[in-house]
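As a plain string of letters, each chain reads:
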Amino acid sequence: MVTCLGDVFYPEVGEKIVRLLRGLGVTVEFPAGQTCCGLPLFNSGYHAAAAAVARRTIGLFRDAEQVVVPSGSCAWMVKHEYPGLMTDPADRTAAERLAGRTHELSQFLVRRLGRRRFRSAVGGRLTYHDSCHLLRGLHESESPRALLRDLSGSQFVELPGSDECCGFGGSFAVRLPEVSTAILDKKLASVEATGADAVVACDAGCLMQMRGGLSRRGSRVRALHLAEVLAPEETPR
Amino acid sequence: MSESEPATPFRERAGQALRDSFLQEALTIATTKFIGLRREAFDEFPEGEALRDRAREIKEATLQRLDHYLDRLIDNVERRGGHVHYATTSEEARGIVLDIARRTGARTAVKSKSMATEEIHLNDALEAAGVTPIETDLGEYIIQLAHERPSHIIAPAIHKTKGQVAELFARELKRETVADPEVLTRIAREELREKFLQADLGISGANFGVADTGTIVLVTNEGNGRMVTSLPRVHVAVMGVEKVIPSMTDLAVFLAILAKSATGQKLSVYTSLVDGPRRGGELEGPEEFHLVLLDNGRIRQIAGPLREALSCLRCGACLNVCPVYRQIGGHAYGYTYPGPIGILLTAMLNGTESVKDLAHASSLCGACLEACPVRIDIPRMLIELRKDVSERRIAPWSERVVFGALGRLLQHPALYRVAARLARLVQRPFVRGDVIRRVPLVFSDWTRTRDLPPIAARTFQERWAELERAGRR
Amino acid sequence: MTSRAEFFDRIRAEMGRTRELAPMAPSVRPARPRERLDVLRRELSERWRENLQRFQHEFERVGGVFHRVPDVREASEAVARIASERGVRRVVAWHAGALGLDVVAPLTTRGFEAVAAPDAEVAGNERERRRALAAAADLGVTGADLAVAETGSLVVVSGAGRPRSASLLPACHVAVFDREVLVESLVQAGLVLEAWHDGTAPPWRGASINVITGPSRTADIELTLTRGVHGPREVHAVFVEQGLALRRV
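Residues numbered from 1 in each chain as written. Chains lettered and ligands numbered in written order. Predicted model: local features only at pLDDT ≥ 70, side-chain atom pairs only at ≥ 80, totals over all residues. Heavy atoms only, no water.

Chemist: Would you mind going over helix H4 (residues 66–79) of chain B with me for this structure?
Modeler: Residue pairs three or four apart in sequence face the same way in an α-helix, which turns once every 3.6 residues. All names here are of chain B. For H4, with 14 residues, the first-to-last C-alpha span of 20 Å sits near the 20 Å given by 1.5 Å per residue. Buried within H4 we find Leu 66, Asp 67, Tyr 69, Leu 70, Leu 73, Ile 74, Asn 76 and Val 77. A positive phi of about 95° marks Gly 81, the residue just after H4. (Helix = DSSP H or I, 4+ residues; strand = E, 2+ residues; numbered from the N terminus. Expected span 1.5 Å × (residues − 1). Buried < 20%, exposed > 50% of the residue type's maximum accessible area, 1.4 Å probe, protein only.)

And the structure:
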């Protein structure tokens, strides 16, 4: 599942994930016609539309063995909210099946494939921001850290307040832009204080927010998706 | 409608708060401190997690038989000589208290900290009726002198500097003083000691009402709760109906987690159990005890979408961790109860309409749910409120158009692709290198402070055909 | 004005509209709390030394001052010492029958103005006078009906001869207690509270129970901790090894 932000703004992240997974011997398929998991509609209270998008998405992935998602928020939407949005019992069963087969990227690599050691694609010092949905929705804070700590060719440093929101929150970022920016400024100050060369995250929303702020203030610190940091194996094992 | 809508829009109030540099600093220091204290307290309390689950269960169990437990509470309070009153609205609650004050000839009333009495705007009503209300919790005393409302559920004067407090005391109390918290505390102690000893009426809230025994429980740190419930001749406790709990055994569960969640203390300094009026030959204690049971929108939520919010212990933990509250403080919310739970309580008291903007004052990060001692799923209920707003069509017309379009787009891949291509065209004049620095209209609110990535020259879906071929090789 | 019946009609109507929920249960109450408490006390009497140690640790952590004395005579000495160290002049105390010792005589001998609470109901103007005495006092001496080791808390129950003001109005509060009142945890304190409310209370029992955990405090001004806001600035706990003979709650 490439996600709407991933498809439209960060296609290179999607490409890197495909290469990464192929390097690990995984056969990657991509059901055509994906749009979005529906989270923006859901979070703003447009649940009928969200349910329609969800139903469509469930249908698209009907034949998938496992579904890998580059964003914790989208994975959360599928795993936690899809079943509840379905009123029809058959739809609900299909939603639950999909939920059981869906994984955020770092969870897929570490927990399903058991892979933690990768070469770093970037080098330097890396720090990690816990995206809210991945951390609190999917209870995942270990897998990304395991990957980042075990990277050869870069060092990992913990980010104080890593569990604090970056201020994206979807439409929140444009409904209350001043508050969203104030929260972001706080986050970026922490990031810069670590002396890291890049902050890594597992969510396109967080990346859009942090990258947007870092770029605006002319910072040398980069905001990278996890997939941009893990170098793919050249040949499958 | 219990509270009237604030005059300025929320976004503007939030903006003002963001520009207040002292408030910003105070909020950062206070919330960071509370977060740390809470974390330390629970780190050394491994039973804490299980107790939080227990606490939630007890609250839910109580709601499931609310009539039974309230019945028992009332019977026991009356058996001990207390009087129970029933207030459906704020207005009624005010009327009941004024009536008691009038009947007992009270001229001054000392109050210990009570969000319930804030909620019903009791002080204004007392003053209008010629009864002088005196707040005795130091933070509340300060804001009362300043003619302000509390900005945090448990630290009401968090937004004031010691210099401001000193000036306030000098002006309102006509006392020369210095900006030293010790000295200022001493002044407050002296001023208020006299008031406690002379007051005719003591007004408190109640953290818990124990059904089994008819006991009202007050949790405080300063001692004013004890004063208010022991020295004046008449004591009135205003208690939301949801504060009832079944037994003393249950009380121990809540006491184990309440202060830890609020301030990191194992227990607050004074946990006061009030078993009705003075008796047994004791020297102090009120001759009359009144319990005012308050509905004010709570009862409707028993079967409502905000039912879970009835479990709230008013500890303030969610305020301290909320990224929005931490930036804007309590006053910006504009109603009695600020912060994450405050949005839900405001909806409970004043209806969904009152929170059509506030329901979006959240990035849905979930820190509140994580911190809540009774595990209230605040983010879920915020989304429910947003859903209510969208279904009732109270959101602004422009928003409904945008989301309507988005909904259609996301259900039709062909439309989605067209939209992406259009956007790619339209963005061209705004792209500088690999970022967009300014766009008009919809996303201008983003680009004022942040760069935007441009829409990719080829989306992932447009690249897939190649990627797929590469994979087969 | 809403009547009790109208109020409950609304509550029951709303309860009736609730969708099906997984049933939940509150805490299991002990069926015979007083018996359970007797059993608990016997068990605790074997662990009193560790519990006292824990109590002292937690009590000091919240700013209390702990003293340990062998007997009631030394207990009075300790009170007198605390009083003179703090330049105290006036002392109010619980009645000797509630304390298990007489502090008034030893304190008076040493030149303090000491008054104990009466053991029974007195008239309104006498109560007023006593209240003024307590408000003017520098030190209050009380017993403790429970000492909770987990939190370092002292629990005082009001009643005849055990006024609330003694632990509230003077700037210094001294509580005298023995091993009988030690409990380990809040859970056990919950059992005690159940037992105390089980059945009819004795006629001299008052209407107030206070769990006191350290001196009065606030951090309302710039989060700076200050002590002695409305309640006492200092709390002392004097443990009497030999035990105290007093009328227990």
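The discussion continues.
Chemist: What am I meant to see in the interface of chain B and chain A here?
Modeler: You'll often see interface size given as the accessible area lost when the parts meet. In this assembly, 60 residues from chain B lie in contact with 61 residues from chain A. Buried area between chain B and chain A, summed over both chains or domains, comes out near 5400 Å², and the portion from carbon and sulfur atoms is 62%. When the buried surface of chain B facing chain A is broken down by residue, Leu 410, Arg 450 and Phe 460 of chain B rank first, second and third, together holding 13% of it. Seen at the junction of chain B and chain A, the total is eight salt bridges. (Contact = heavy atoms within 4.5 Å. Buried area = accessible area lost by both parts, 1.4 Å probe. Salt bridge = Lys/Arg side-chain N within 4 Å of Asp/Glu carboxyl O.)

Chemist: Explanation requested: the side chain of Asp 130 of chain A in the structure shown.
Modeler: Residues and elements named next belong to chain A. Along the polypeptide, Asp 130 turns up in the loop between strand E3 (119–128) and helix H8 (132–137). Residue Asp 130 is classed as buried on the basis of its relative accessible area, which comes to 2%. At 2.8 Å, the side chain of Asp 130 and the side chain of Arg 145 are in polar contact. In this structure the side chain of Asp 130 is engaged in a polar contact, spanning 2.9 Å, whose partner is the side chain of Ser 162. (Polar contact = N/O pair within 3.5 Å; in protein donor to acceptor, adjacent residues only side chain to side chain.)

Chemist: Where do I start with the pattern of salt bridges in this structure?
Modeler: Opposite charge on two side chains makes pairing possible when the charged atoms of those side chains draw close. Within the structure shown, the criterion is met by 83 salt bridges over all chains. Notably, a salt bridge pairs Asp 91 of chain A with Arg 55 of chain A, separated by 3.3 Å at the nearest N-O pair. Residue Asp 91 of chain A is located in helix H6 (residues 89–101), and its partner Arg 55 of chain A is located in helix H4 (residues 47–60); the two are separated by 36 residues in the primary sequence. Here Asp 91 of chain A falls in the partly exposed class, since its relative accessible area comes to 22%. Judged by relative accessible area, which is 39%, Arg 55 of chain A ranks as partly exposed. Two residues, Arg 54 of chain C and Glu 58 of chain C, come together in a salt bridge whose shortest N-O distance is 3.9 Å.

Chemist: Explanation requested: the sheet that holds strand E2 (residues 108–111) of chain B in the structure shown.
Modeler: Neighbouring strands of a sheet are bound in pairs by backbone hydrogen bonds; such pairs are parallel or else antiparallel. All names here are of chain B. Here we have six strands laid out as an open sheet, ordered E1-E10-E7-E4-E2-E3, and parallel in their pairing. The sheet is open, and its two borders are formed by strand E1 (83–87) and strand E3 (132–135), each paired with just one other strand. On average, each strand axis in the sheet is tilted by 25° relative to the strand beside it, whichever way the strands run. Pairing analysis gives seven bridges linking strand E7 (residues 234–240) to strand E10 (residues 288–294), with the strands arranged parallel. Counterpart to Val 234 in the pairing with E10 is Glu 288. (Pairing = 2+ DSSP bridges. Axes fitted to C-alpha atoms, helices over the stretch in contact; angles between N-to-C directions.)

Chemist: When you look at the interface of chain C and chain B in this model, what are you seeing that I'm missing?
Modeler: Contacts between chain C and chain B engage 84 residues on the former and 106 residues on the latter. Interface area, chain C with chain B, both sides summed: about 7800 Å², of which 56% is carbon and sulfur. In this structure, the connection of chain C to chain B is made through 12 salt bridges. The closest approach of N and O atoms between Arg 278 of chain B and Glu 121 of chain C, which form a salt bridge, is 2.9 Å. There are 51 residue pairs in polar contact (both at pLDDT 80 or more) connecting chain C and chain B. Elements with a contribution of two residues or more to the side of chain C that touches chain B: helix H1 (4–16), helix H3 (48–61), helix H7 (124–136), strand E6 (153–159), helix H8 (186–197), strand E9 (205–212) and strand E10 (217–218) of chain C. In terms of residue class, the side of chain C that touches chain B is made up of 39 nonpolar, 24 polar and 21 charged. Sheet analysis places strand E9 (residues 270–274) of chain B next to E9 of chain C, joined by five bridges and oriented antiparallel. Residue pairing for E9 of chain C: Thr 271 of chain B is matched across the bridge by Val 211 of chain C. (Nonpolar A, V, L, I, M, F, W, Y, C, P; charged D, E, K, R; others polar.)

Geometric descriptors of this kind do not, in isolation, establish any biological role.
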